[in-house]
Amino acid sequence: MNARNLLTALSPLAVTLASCGSAATGENTGGKPFAAETYAQFDEPWAMAFDEGTGTLFVTERKGTIRFMTPDRKIGEVSGVPKVDYGGQGGLGDILFAPGQRSPKLDRRTVYISWVEAGGGDTRGAVVGKAELVCPGPLKCQLDGLKVIWRQQPKVTGRGHFSHRLAFSPDGKYLFVSSGERQKFTPAQDLKVNLGKIVRLLPDGTPAPGNPFADKPSPTNQIWSYGHRNVLGLAFDEQGRLWDLEHGPAGGDELNLVKPGTNYGWPLVSDGDHYDGKPIPRNSTRPDLAGPAISWNPVIAPGDFIFYTGDKFPAWKGQALITGLVATGLVRVSINGEKATEEARYPMDNRIRDISQGPDGTIWLIEDGEGTGSGHLLHLTPAATAAKSAN
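Residues numbered from 1 in each chain as written. Predicted model: local features only at pLDDT ≥ 70, side-chain atom pairs only at ≥ 80, totals over all residues. Heavy atoms only, no water.

1. Let's talk about empty space enclosed by the protein
- Under the defined criterion, the tally for this structure stands at one cavity of 30 Å³ or more.
- Space inside the largest cavity adds up to approximately 70 Å³.
- Along the lines of polarity and charge, the residues of the lining of the largest cavity split into four nonpolar, six polar and three charged. (1 Å grid on protein atoms, 1.4 Å probe; cavity = no way out; pocket = protein on both sides within 12 Å on 5 of 7 lines; lining within 4 Å. Points joined across faces, edges and corners; volume = space filled by probe spheres on them. Nonpolar A, V, L, I, M, F, W, Y, C, P; charged D, E, K, R; others polar.)

Put into structure tokens, the structure is as follows:
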């Protein structure tokens, strides 16, 4: 039986007993301020999102599956997921619920998903789709009326740097999408394409009025900011400011405060160099281009991040919690104005792909990987709480 079938076959009681053994004794805190409990196993998970009304957690798997876990730990699968172009960094990507859907029954929700679709002549590109998530019964959900509302333009060869992270503005009026430069470098500076950009759309996928280049033809009128490499994190802070998290080359991962119409410099500048050792001018050499709030060299290879707003970890409020694929674990960063400072790292056993804050202020992580060695869903609670429950 493969990992996917095993997960489906496990009863909620079996999952609970298997996952609570070490966390209940506090043995896996390792001196960290949290205890990590394993809840489930997924196959190459990429993103997750909570349904606000019910606390059900939805997880995307890159090969083209969406699974969900109810608050009582039962596992279901969503049907009607589109065919994806899987390979390299491509496949099924992000999932995002439209804001304001808080009814206590999970029967119908508007959702957005991103994935990679094939084009002609071995080309491909990321797309964003909008659908109704309909759940007619226990552990039964499907995507109805799925429609592509945005595409990377143009489709190009290769299987890297799709980015395709999604975020709604705090007022719910605008959908932001990160669009990687597809490892082609120069599109990031080309305002006639939407590669290497962050775009701002209305919820129906049309370019938002008031965008910096709104008077230009499509796709230029979608662009919010440009000069980006591979943006794998988008999040708003409590002040309503948009931040991005992106991969540098050999060095130079960045956390950026994103401002409209601003050029973030790739590939003209970076705090890292090309993989072949060829140097790139540093951000400091071009004050006319926006520099990062913080950069990392050597890299942390970020997966995603959140700004923590809960009460379970009060010392972390307002700080960025960043997942690491090379710096495996969590990186905690404080914000001071438009600059950022790394405060701590919390190493973990495997690469961490995504992070989400639960409705109760606890933290959820998914590992990056497939098979029994990784790809777990992890639940983080304060270490003191875990120790107290063991006594």
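Back to the write-up after that little detour.
2. Topic: the state of the cysteines
- Following the criterion strictly, the structure yields one disulfide and no others.
- The residue that forms a disulfide with Cys135 is Cys141, at a sulfur-sulfur distance of 2.1 Å. Taking the sign of the S-S torsion, about 105° here, the bridge from Cys135 to Cys141 comes out right-handed. Cys141 matches Cys135 in its accessibility class, with the two residues each being buried. (Disulfide = S-S within 2.5 Å. Buried < 20%, exposed > 50% of the residue type's maximum accessible area, 1.4 Å probe, protein only.)

3. Re the pairing of strand β14 (residues 230-236)
- Most of β14 is tucked away, with seven of its seven residues classed as buried.
- One ladder, built from six bridges, connects β14 with strand β15 (residues 242-247); its direction is antiparallel. Residue pairing for β15: Phe236 is matched across the bridge by Leu242. (Helix = DSSP H or I, 4+ residues; strand = E, 2+ residues; numbered from the N terminus. Pairing = 2+ DSSP bridges.)

4. Quick word on the sheet that holds strand β24 (residues 376-382)
- On the basis of which strands lie adjacent, the open sheet formed by four strands has the order β1-β24-β23-β22 and antiparallel pairing. Edge strands, defined here as strands with exactly one partner in the open sheet, are β1 (34-41) and β22 (352-357). Going from strand to strand, the sheet's axes swing by 25° on average, the running direction of each strand aside. (Axes fitted to C-alpha atoms, helices over the stretch in contact; angles between N-to-C directions.)

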